[in-house]
Amino acid sequence: RTAGPQELSSVVEEGLALGVDPQGFLRLSAETRYEQRRFDAAKEHCKRALKVDARCALSTRVLADCMLATDQLDAAAKGFWKILERQIREAQPPAALSVLAYIYRHLGALPGFAAEFAKIREKHASPELPVFHLTEGLLHYFARKPNLAVAALSAARAEPALRDRATLILIDIYIHDDFFPL
């Protein structure tokens, strides 16, 4: 039998009280609270974990996700920029770009993000990564340029991990063809 969220939460609290591996317990606690949608508690545990190790990728991600879930978009953007910087530094696909596109759309600052995206893509060693196509497709989708969005999103579908996201946006474009004249 596996422990449920409440049982796991109790174990985490006991571990923290005992001072056992605070980084591991804080990360586990933050994840558990995030899954329970207890975002304020998750944020607190992420912040505590980041005090122990400011480079903890998981705590940074959970904190940024919590900020996004609670509509603290400026703080979420800062967190996802940190994630993006790490992804670029560690030569990982820059997956945070698509999340940043959504955030900046909701902040009403999409043109500024589009300019930053172009700079990042131009400097990247692999500017044709599917995640770049996904982000480009999102930017065209948000700008109501369906033909360009379809081309970019179709290219993004080459990556199995992005296929579902790209397909959902393509379906939206095709279903709402009166809104997005092709």
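The structure contained in this document is the topic of the report that follows. Throughout, a residue's number is its position along its own chain's written sequence, starting from 1. Where local features are concerned, this predicted model is filtered to residues with pLDDT of at least 70; where side-chain atom pairs are given and counted, the filter is 80 or more; whole-chain, interface and lining totals use all residues. Water and hydrogen atoms were dropped before computing side-chain values, which therefore reflect all heavy atoms in the structure.

Looking only at helices and strands, the protein features ten helices and zero strands. Here a strand is any run of E in DSSP of at least two residues, a helix any run of H or I of at least four, and the numbering for each starts at the N terminus. Along the protein, helices (α) and strands (β) appear in the sequence α-α-α-α-α-α-α-α-α-α when read from the amino end. Burial classes follow relative accessibility: with a 1.4 Å probe on protein chains only, a residue under 20% of its type's maximum area counts as buried, one over 50% as exposed, and anything between as partly exposed. Of all 182 residues assigned to the protein, the portion counted as buried reaches 43%. Long-range contacts, defined here as pairs at least 24 residues apart, represent 45% of the contacts in the protein between residues at least 6 apart. Residue-level accessible areas treat just the shown protein chains as cover; the underlying method is Shrake-Rupley with a 1.4 Å probe. Of the roughly 10300 Å² of accessible surface on the protein, 55% is carried by carbon and sulfur atoms. The contact rule is simple, with two residues in contact once any of their heavy atoms fall within 4.5 Å.

In a regular helix each residue adds 1.5 Å, so 14 residues correspond to 20 Å; helix 3 (residues 39–52) covers 20 Å between its end C-alpha atoms and thus fits that length. Of all the residues in helix 3, the buried ones are F39, A42, K43, H45, C46, A49 and L50. Buried residues in helix 3, looked at end-on, bunch into an arc of 165°, giving them a common side. Projecting away from the buried face of helix 3 at angles above 90 degrees are the exposed residues D40 and K51. Multiplying one less than the number of residues by 1.5 Å gives the expected span of a helix. Note that the arc is defined by the directions from the helix axis to the C-beta atoms.

Along an α-helix, a turn takes 3.6 residues, which lines up residues three or four apart on a common side. Where helix 9 (residues 146–156) is concerned, the buried positions are P146, A149, V150, A152, L153 and A156. Packing partners of the buried residues in helix 9 comprise helix 8 (130–142) and helix 10 (160–175).

For the rest of this paragraph, the subject is the side chain of R121. Mapped onto the elements, R121 comes out in helix 7 (residues 110–123). Owing to a relative accessible area of 14%, R121 belongs among the buried residues under this scheme. A polar contact of 2.8 Å, which involves the side chain of R121, links it to the backbone oxygen of P127. Leave out the neighbours within four places in its chain, and R121 touches P127, E128, F132, H133 and E136. Two N or O atoms form a polar contact when they lie within 3.5 Å of each other; inside protein one atom must be a possible hydrogen donor and the other a possible acceptor, and for residues adjacent in sequence the pair counts only when both atoms belong to side chains.

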